[in-house]
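Chain residues, written in single-letter form:
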Amino acid sequence: MENKTVIVTGGSTGIGKATALAFAKNGYNVVISGRNNKAGEEALKEIKETGAEALFVATDVTNELDVVNLISKTKDTFKTIDVFVNNAGIAGATEGFLADSSEQNLRSLFETNVIGVFFGMKHAIKSMQEAGGGSIVNLASIAGLNGIPYAAQYCASKHAVVGLTKAAAVEYATQGIRINAIAPGAIKTDILKSAIESGSYSEETIAAIHPMKRLGTVEDIANGIYYLGSSESPFMTGHVLAVDGGYNAQ
Ligand code: NAI
């Protein structure tokens with residue numbers, strides 16, 4: 001069992017909550033952040049039931065001061081940050097093909113999925129440098145490695161996450177800071193539910209694009225994030241781990 005601390009942004013729901021639980025079950029102190037206090041407190045209760053020490057810090061990842069506060073509250077309570085999971089993200093509006101999509105949607109996607117991840121990386125790295133090391137896992141997507149129709153703007157934001165991951169991994173490789181990303185296939189969470197409800201996709205058509213012909217579970221992804229973030233992958237950095245039912249093998 002580890003006596004280490006993980007921060008999971010957007011950790012009150014979906015993949016983030018499952019990731020927080022995976023680290024909690026492995027003995028980590030867990031800090032989750034999110035914008036919604038009620039959802040945060042409910043997730044916190046569930047995490048504490050594993051016996052882990054846990055904390056919720058209200059944070060909007062698009063606000064740099066919020067991210068700085070998240071790091072400093074974590075250090076006040078648990079001293080160091082061993083693992084930082086940049087999970088908070090949005091799918092954006094489904095507006096059609098690129099020529100029918102709006103500047104506003106693109107800006108909003110980049111604000112959360114890219115600038116939010118940049119703030120998390122920037123301040124986690126500074127804290128990890130002081131502590132002598134650490135590990136960062138960013139949430140990319142199959143949309144960060146491939147072109148997906150009706151999702152050009154989301155694809156652009158997730159390709160940017162891959163770029164930030166690889167460049168920073170090279171920059172900090174000799175400083176004990178590992179930086180990796182995970183690229184999930186389609187997972188049934190709130191993000192996907194809203195795309196389905198908008199009528200652009202059905203669950204069946206999304207399942208059909210994966211060779212395994214099913215959607216992934218939040219636990220499928222949480223296990224991959226735990227592997228990349230924990231000391232189980234000490235020689236891995238700058239890697240984008242596809243957990244996607246075979247999507248990238250096609
Ligand atoms: P989700 O909607 O349950 O989780 C996203 C979380 O991020 C929510 O708790 C949301 O409130 C939070 N969030 C959004 N904007 C935020 C902000 N500005 N500040 C703080 N928190 C914010 O959906 P899911 O699926 O668990 O998403 C987690 C990550 O996984 C996202 O980065 C998403 O892009 C990525 N992903 C999801 C896939 C899927 O099929 N569900 C596939 C590939 C990647």
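Preceding this section is the structure that the text describes.
Everything quoted here is computed from the prediction, not taken from an experiment. (Residues numbered from 1 in each chain as written. Predicted model: local features only at pLDDT ≥ 70, side-chain atom pairs only at ≥ 80, totals over all residues. Heavy atoms only, no water.)

Engineer: Honestly, the side chain of threonine 74 in this entry has me stumped. Any pointers?
Structural biologist: One can find threonine 74 in helix H3 (residues 64-78). Separated by 2.7 Å, the side chain of threonine 74 and the backbone oxygen of leucine 70 make a polar contact. Excluding residues within four positions of it along the chain, threonine 74 makes contact with Thr5, Ile7, Val31, Lys79 and Ile81. (Helix = DSSP H or I, 4+ residues; strand = E, 2+ residues; numbered from the N terminus. Polar contact = N/O pair within 3.5 Å; in protein donor to acceptor, adjacent residues only side chain to side chain. Contact = heavy atoms within 4.5 Å.)

Engineer: I'm lost on the nonpolar core in this one. Help?
Structural biologist: Grouped burial of nonpolar side chains is what soluble globular proteins tend to show. With 32 residues, the main nonpolar core has Val6, Phe23, Val30, Ile32, Ile47, Val85 and Ile225 as its most contacted residues. Put simply, the parts of the chain that give this core at least two residues each are strand E1 (5-9), helix H1 (14-25), strand E2 (29-34), helix H2 (37-48), strand E3 (54-58), strand E4 (83-86), strand E5 (134-139) and helix H8 (218-229). Broken down by element, the residue count for this core peaks at seven residues, all from H1. Setting aside chain neighbours within four positions, we find valine 30 in contact with Val6, Ala20, Phe23, Ala24, Ile47, Glu53, Ala54 and Leu55. One finds Ile7, Ile125, Val161 and Ile177 within the second-largest nonpolar core, a separate group that totals 25 residues. (Core = buried A, V, L, I, M, F, W, Y, C linked by side-chain atoms within 4.5 Å. Buried < 20%, exposed > 50% of the residue type's maximum accessible area, 1.4 Å probe, protein only.)

Engineer: Looking at this structure, how should I read the packing of aromatic side chains?
Structural biologist: To describe a pair of aromatic rings, you give the distance between the ring centres and the angle between the ring planes. Inspection of the entire model under this criterion finds five aromatic pairs. Plain terms: the ring middles of tyrosine 28 and tyrosine 226 are 6.1 Å apart, the flat faces sit at 85 degrees to each other, and that makes the pair edge-to-face. On the criterion of sequence distance, the pair formed by tyrosine 28 in the loop between H1 and E2 and tyrosine 226 in helix H8 is long-range, its members being 198 residues apart. Exposure remark for tyrosine 28: the relative accessible area of 1% places this residue in the buried category. (Phe/Tyr/Trp six-rings, centres within 6.5 Å; stacked < 30°, edge-to-face > 60°.)

Engineer: Is there a simple way to think about the layout of surface pockets in this case?
Structural biologist: Sizing a probe to match a water molecule and rolling it over the atoms shows the empty space that remains. There is about 190 Å³ of room inside the second largest pocket. Phe118, Met121, Lys122, Ile125, Lys126, Gln129, Gly163, Leu164, Ala167, Ala168, Glu171 and Tyr172 are the residues that line the second largest pocket. For the lining of the second largest pocket, the element with the most residues is helix H4 (residues 103-131), which contributes six residues. A class-by-class count of the residues in the lining of the second largest pocket yields seven nonpolar, two polar and three charged. (1 Å grid on protein atoms, 1.4 Å probe; cavity = no way out; pocket = protein on both sides within 12 Å on 5 of 7 lines; lining within 4 Å. Points joined across faces, edges and corners; volume = space filled by probe spheres on them. Nonpolar A, V, L, I, M, F, W, Y, C, P; charged D, E, K, R; others polar.)

Engineer: Even after reading the chapter, I still don't get the site of the ligand, so can you show me in this structure?
Structural biologist: Close to the ligand lie 26 residues; Thr13, Asn87, Tyr154, Ile187 and Thr189 are nearest. Contacts to the ligand include tyrosine 154, whose side-chain N or O atom sits 2.8 Å from an oxygen atom. Protein burial of the ligand: of its 820 Å² of free accessible surface, 92% is covered by the chains. Every element with two or more residues in the shell around the ligand is listed here: H1, helix H5 (152-171) and helix H6 (190-197). Of the residues belonging to the shell around the ligand, the class tally is eleven nonpolar, eleven polar and four charged. (Near = heavy atom within 4 Å. Areas by Shrake-Rupley, 256 points an atom, 1.4 Å probe, with all protein chains shown as cover.)

Engineer: How should I be thinking about the sheet that holds E4 in this particular structure?
Structural biologist: Strand pairing in a sheet relies on backbone hydrogen bonds. The paired strands run either parallel or antiparallel. Across the sheet, which stays open at both edges, the seven strands sit in the order E3-E2-E1-E4-E5-E6-E7 with parallel pairing between neighbours. Unpaired on one side and paired on the other, E3 and strand E7 (240-243) mark the two borders of the sheet. Geometrically, the sheet is characterised by an average inter-axis angle of 20 degrees between neighbouring strands, direction not taken into account. For E5 and strand E6 (residues 177-184), the ladder comprises six bridges, and the chain directions are parallel. Note that in E6 the partner of asparagine 138 across the bridge is alanine 181. Its contacts with the sheet place H8 against E4, E5, E6 and E7, and it is angled at close to 165 degrees to E6. (Pairing = 2+ DSSP bridges. Axes fitted to C-alpha atoms, helices over the stretch in contact; angles between N-to-C directions.)

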